[in-house]
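Secondary and tertiary structure notes
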Amino acid sequence: QAAAHLPPLPAFLYACSSVQPRIGGMMAWQACGVQARSAPVFLSLGGSCRRGPVHIVRRCFASSDSIAASGGRDPRDAVVKIFNTRQRPGWTVPWQDQPVESSTGSGAVIEMRLGQGREMRMVLTAAHVIADTRYLQVQRSTDRFSGEKYRASIAAVCHEADLALLHVHDQESLAEIKPLEVAPTAELPHVFDKVRVVGYPVGGDACSITEGVVSRVEVQEYSHSLRAGLALTVDAAINSGNSGGPLVDAATANIVGVAFQKLVARGVELQGHAVPAPLIQRFLAEVAVLLGGEGAALAEAPPSAAPLRLRLPSLGCDYQSLEPPALRRSLGLGKRSGILISRVHTAGFTEEGEATPEPTMRKGDVLLEFNGFALDELGFCSLFGRRVHFAAARDLCTVGQHVPIKVWRDGQELALEHTLHAGRYLVARGQFDVRPCFFMCGGLVFQPLSHEYLQGWSSSDRPPHLQNLFLRGHLTPERTEAVMISTILADEANAGYDSGWVGAPVVQAVNGETIRNMSHLIEVVAAERAKAAATGEESFLAFDVLMSSGPFRLVLPLAGLDDANARICSLYGLPSECRSHHYYVLEAETAAQTTA
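The structure displayed is predicted, hence computed values, not measured ones. (Residues numbered from 1 in each chain as written. Predicted model: local features only at pLDDT ≥ 70, side-chain atom pairs only at ≥ 80, totals over all residues. Heavy atoms only, no water.)

Focus: the overall build of the protein
- Summing up its helical and strand segments, the protein has 11 helices and 32 strands in all.
- Taking the intrachain contacts of the protein between residues at least 6 apart in sequence as the baseline, contacts between residues at least 24 apart amount to 67%.
- Accessible surface, the protein as shown: approximately 26,600 Å² in total, 51% of it carbon and sulfur. (Helix = DSSP H or I, 4+ residues; strand = E, 2+ residues; numbered from the N terminus. Contact = heavy atoms within 4.5 Å. Areas by Shrake-Rupley, 256 points an atom, 1.4 Å probe, with all protein chains shown as cover.)

A look at the pairing of strand β19 (residues 366-370)
- Of all five residues making up β19, four are buried, and the element is well covered by its neighbours.
- The pairing of strand β18 (residues 339-344) with β19 spans two bridges and is antiparallel. Looking at β19, one finds that Leu 340 is bridged to Val 366.
- Taken together, the four bridges between β19 and strand β23 (residues 402-409) define a ladder with antiparallel strand orientation. When the sheet's bridge partners are listed, Glu 369 is paired in β23 with Lys 406. (Buried < 20%, exposed > 50% of the residue type's maximum accessible area, 1.4 Å probe, protein only. Pairing = 2+ DSSP bridges.)

Brief notes about the packing of aromatic side chains
- All told, the structure shown has eight aromatic pairs when counted by the stated rule.
- Sitting over the ring of Phe 145, Arg 140 keeps its end group 3.5 Å from the ring centre.
- Arg 462 extends its terminal NZ or CZ atom over the ring of Phe 470, reaching a point 6.0 Å from the ring centre. (Phe/Tyr/Trp six-rings, centres within 6.5 Å; stacked < 30°, edge-to-face > 60°. Lys NZ or Arg CZ within 6 Å of the ring centre and 35° of its normal.)

Looking at the side chain of His 345
- In this fold, His 345 is placed in the loop between β18 and β19.
- For His 345, the side chain forms a polar contact with the side chain of Asp 318, separated by 3.0 Å.
- Here His 345 is in contact with Gly 316, Cys 317, Asp 318, Gly 473, His 474 and Leu 475, once residues within four sequence places are set aside. (Polar contact = N/O pair within 3.5 Å; in protein donor to acceptor, adjacent residues only side chain to side chain.)

With respect to the pattern of salt bridges
- Under the definition given, this model contains 27 salt bridges.
- Among the ionic pairs, Glu 160 bridges to Arg 311, the shortest N-O distance being 3.0 Å. Pair noted here: Glu 160 is in the loop between β7 (149-158) and β8 (163-168) and Arg 311 is in the loop between β15 (308-309) and β16 (313-314), with a separation of 151 residues, a long-range link.
- A relative accessible area of 12% places Glu 160 in the buried class.
- You can call Arg 311 partly exposed: its relative accessible area is 26%.
- Close ionic contact of Glu 211 with Lys 194 constitutes a salt bridge, the shortest N to O distance being 3.4 Å. You can see Glu 211 sitting in strand β10 (residues 208-222) and its partner Lys 194 sitting in strand β9 (residues 194-199), a full 17 residues away along the chain.
- By relative accessible area, Lys 194 is classed as buried at 7%.
- A cluster of three or more residues bridged by salt bridges with shared partners is formed by Asp 74, Arg 76, Asp 77 and Arg 144. (Salt bridge = Lys/Arg side-chain N within 4 Å of Asp/Glu carboxyl O.)

Following this line, the structure appears as structure tokens:
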């Protein structure tokens, strides 16, 4: 409609088609230049541009003079190249690491206010650029400045939002740089706004700029964390190495986004994504609060100092849209709208071990409002003057925050207070900068099932019983992890069973006791061993497992188990404790309790 009022222009500005390419039902979402993943096609309704044709012409055909269009500011001065020497853990052989790798990305120098009037220059980048790092360096554009590299470390990271903040130890190296400003939270770009991607893509060493427009503002799946969040879609080229670089407004040179992924599929071109300014500002604000007066300590901290690890909140449930009119009528909603809560996830305790109260929401509730935002039948709300999915509003909250909600339950509208917790899943995902958990007993290697383990296969080749748990697993107090046998290390203690990968059977029970998680399995094994030692009778460990083909049982003799474990650890290079550091004290504590 707007195009009808414009003078004749090239047809490509108006032509559009709905292209939904599928490759085996999947699309590839590539985190630019660092890692690639496959993810299900994520479809959503786009926001509408409310600006008139004059605005469209002004934004699409603004002056191409880079300095004038940026208000006299060349953003390249404040964009650095990041060199990451990293080593990922071996998720299929959890006591070993993968080979050392090197990768590069981009980042923007910004000024952080850390309280007590202290300011510090830091580098804003994407979390996947610095994931699993062993050694970090930054460098300015070699065609304009010295090629010297400076040591850096992670000050804060939020893998769910794919954002990180780096501390450069030689602060004098950043002294002459004029930091870039992050756009205010309320200044979310509009469709047709002209933007530039600044960074260090492959193909050269100098800082590069590509230009385009914002083509979508909506909730997308983040390939790094497999989590849906607000994102900007731009047609400016984003290539390998651009990750973490700023997306700047062409008129002001303010940072309106951080480049983090692009859509790669047959028939798809120029669909790059950036973390928007509201999420960046939320991340920076939380970092500033948590660091508080620790700015001086941060400046003197060694490179090995542990960074802040931030989390985004989760609603703690599954939900579905109420688009079908018959479904809405069956619930007696009348003219109300919202989304149907189909399943509630709770472990009964937080990741820190603190007990959590009963969930506020129940299966069958209709969520009408979240934190003051009224929801429609698709879960969309009005935020920043746009119609976007309420997940964008959720991510502006913090973990532990109490938010008001309205639900429709049993024919009544109820006003409740809901506490937001960090997201938890039966099958863990988005694990970075951590060591895999494992436990070995008689040559049987146990691990919690995780998305990182499943990445050893393509999504179409994964063992169906494991993929089913990943897609449909339900977190409950009775089961907080899916524990599997990832491999069997051959020894006379497990003679008669296959060795190596044996189909990754999932443990259901040990000696008749249903297993909740890895810690519980280790406790049960320790208790059974303590009982056998006390009685002196011949005893066994019976593991009831579930394979792709159905139930199966493995039995180990308890007699001589210590000798077998020592033999296996020596032969296969496992730590003498037969487990990862997460469980060092668990067996001793359980044995002491059993004896008492």
